[in-house]
Amino acid sequence: MVFNSYTFIAFFIIMLILHNLPFPWRVKKINLLLASYIFYAAWNPPFILLLWLSTIVDFFVGKALYVQPNKHKRHLLLVISLIGNLGMLCFFKYGTFLLDNFVIICNALGFDYHPAHPNIILPAGISFYTFTTLCYTVDMYKRKSEPVKSLLDFSLFVTFFPHLVAGPIVRPPQLVPQFETPRKASRQQFTNGLLLLTLGLFMKVVLADSLLSATADAVFGFPGKLGALDAWAGVLAFSGQIFFDFAGYSTAAIGVALTLGFVLPQNFLYPYAAIGFSDFWRRWHITLSSWLRDYLYIPLGGNREGNFKTYINIMITMLIGGLWHGANWTFVAWGGLHGLYLWAERALNYHKSSPSSLMGGSQEPVISTASIVPGLSGAKHHNGFLKALLTFLLVCITWVFFRSATFAGAWQLLGDMFGGQGGNPPLLTTIAIIKVGVVITLMLIFHWMMRDTTVLKVAGRIPTWSVAVIWSVMLILIILSQESSRSFIYFQF
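Given the structure is predicted, the values throughout are model-derived calculations rather than measurements. Numbers given to residues run from 1 along each chain, matching the order in which its sequence is written. Per-residue local features of the predicted model are confined to residues with pLDDT of at least 70, and side-chain atom pairs are confined, for both listing and counting, to 80 or more; whole-chain, interface and lining totals are unaffected and use all residues. Heavy atoms throughout the structure, all of them, feed into the side-chain values; hydrogens and water do not.

Caption draft 1: View of the nonpolar core. By nonpolar core is meant a set of buried Ala, Val, Leu, Ile, Met, Phe, Trp, Tyr and Cys residues that side-chain atoms within 4.5 Å join together. A 1.4 Å probe rolled over the protein chains alone gives each residue an accessible area, and that area as a share of the maximum for its type sets the label: buried under 20%, exposed over 50%, partly exposed in between. If you look at the biggest cluster of nonpolar residues, it comprises 142 residues, and the most contacted ones within it are Tyr 272 and Trp 284. Put simply, DSSP H or I for four residues or longer makes a helix, DSSP E for two residues or longer makes a strand, and each gets a number counted from the N terminus. Per-element accounting of this core gives the leading share, 19 residues, to helix α10 (residues 228-259). Aside from chain neighbours lying at most four places away, what touches Trp 284 is Ile 242, Phe 243, Asn 267, Phe 268, Pro 271, Tyr 272, Ser 289, Trp 399 and Tyr 490. In this analysis, two residues are considered to be in contact whenever any of their non-hydrogen atoms come within 4.5 Å of each other.

In structure tokens:
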């Protein structure tokens, strides 16, 4: 079941009605939990068993970790949780990938090994809910917060349907306290939630699917050489498509939760207005970047053990972040390229500010919470915009590896982008290129104008009739574009 479907509309209306009936709070939570299982079962019912297994194991292991005084037993409990979560993730998401690479290595060493190809189906959202439950047991091991008292609350925290299959990645302190007392959306929350849901669907259905996806698919799926204009149009189209697709889902998820009275964390903050790559990772997939910071980069040592070790920790974090996105070496290359960008950024700023101030001390992430260009975090002048534009263009290069199925395809497209002439007629029509140019230009301008604010703040400052007109236009365009809509890109992760 996806947000951009008529099935979800019916599901959502029923949930709103049930949640606002005068039932006891426990009954409402049970309704939400059952609805979340139904929402997930719409993908593949048997995989609910994995969800239950992950929920039950981590609930009881987490509680035991918090109260267990014996150091060795606590280590054993943590290992059980890690094996359960990461083992399940590795088998379903990376099993085929690992086997294929093992076969390549064996054949390279002279062993004629050709096993049967496994038919492993990737459960929807496994990367997201695995990270959600894993952070709980790690927090219990470190005793950062108290364990969740109720299995019902913990189960709802893991499976709450707005964030279940594609984030945002939530942590217990962000959501569990909201389940402890009755919650019902205020009139303002309900209106804001519907507005965010509409905006998210507009980004996904109209901008990502109707206006950009066809161009991106045509270019990335073309087997021959392309002219530079076609190549750049395809890459720019994908850069917009993946933002509107994923940020659209996160915006819709936050909106759906808000209509029920729950607040989910922000996941995107106009990333194409970023000035530098630390700033980009402060704005792109925020809940994943903060997860990697707190549960990988800082435990590795962060920037506490010298400049060289900091560079190593940055690269490890970004490589694993790339692998998290998919079982393909091109995703690892995407993460590694971002790691190189962060290396270069840190080196260029080394003499402008000390390493500790640049990365922020022992608790500061590789994904910095401040712009890496001093004095420009709130800049509104042309110099800052040009630096943001340069950051965007360099990020577009990384998207080539992210979208390409093979390195050969990625190198071919990069070659076409930088000087490729092509021997064939132009692939894209003039209309298609103009359409991409207009959408991407408006996207960049909008990101820059909105980089220090939010949609809800702007909506609260402009006349109500203006909001109503914009809202109506988005709804009409969503309805007109619904037939061209497709699944969200991040469902495969």
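Next comes the rest of the account.
Caption draft 2: Representation of the pattern of salt bridges within the structure. The term salt bridge refers to a pairing of a side-chain nitrogen on Lys or Arg with a carboxyl oxygen on Asp or Glu at a separation within 4 Å. Counted under the stated rule, the structure contains twelve salt bridges. With a closest N to O distance of 2.6 Å, Asp 294 and Arg 293 form a salt bridge. The pair formed by Asp 294 and Arg 293 is uniform in burial state, with each residue classed as buried. A salt bridge links Lys 309 to Glu 305; the shortest N-O distance between them is 3.1 Å. Relative accessible area serves as the criterion here: at 27%, Lys 309 is assigned to the partly exposed category. Residue classification places Glu 305 among the partly exposed positions, given a relative accessible area of 49%. One connected set of salt bridges, linked through shared partners, spans Asp 279, Arg 282, Arg 283, Arg 451 and Asp 452.

Caption draft 3: Structural view of the packing of helix α2 (residues 25-41) against helix α6 (residues 151-159). Axis lines are fitted through C-alpha atoms, for helices just across the contact stretch, and the angle between N-to-C directions can take any value from 0 to 180 degrees. The contact between α2 and α6 brings their axes to 10 Å, and the two run at 40°. Considering their axes alone, α2 and α6 lie oblique with respect to each other. Where α2 crosses over α6, the two elements pack in a sense that is left-handed. Contacts between α2 and α6 involve Arg 26, Lys 29, Ile 30, Leu 32, Leu 33, Ser 36 and Tyr 37 from the former and Leu 152, Asp 153, Ser 155, Leu 156 and Thr 159 from the latter. Asp, Glu, Lys and Arg are counted as charged, while Ala, Val, Leu, Ile, Met, Phe, Trp, Tyr, Cys and Pro are counted as nonpolar; the rest, among them Gly, fall into the polar class. Residue classes in the contact of α2 with α6 are distributed as six nonpolar, three polar and three charged. Just so you know how the angles are binned, under 35 degrees is roughly parallel, over 145 roughly antiparallel, 65 to 115 roughly perpendicular, and the rest oblique. When the near helix sits turned anticlockwise from the far one by under a right angle, the crossing is termed left-handed; a clockwise turn instead gives a right-handed crossing.

Any functional reading would require information that these geometric values do not contain.
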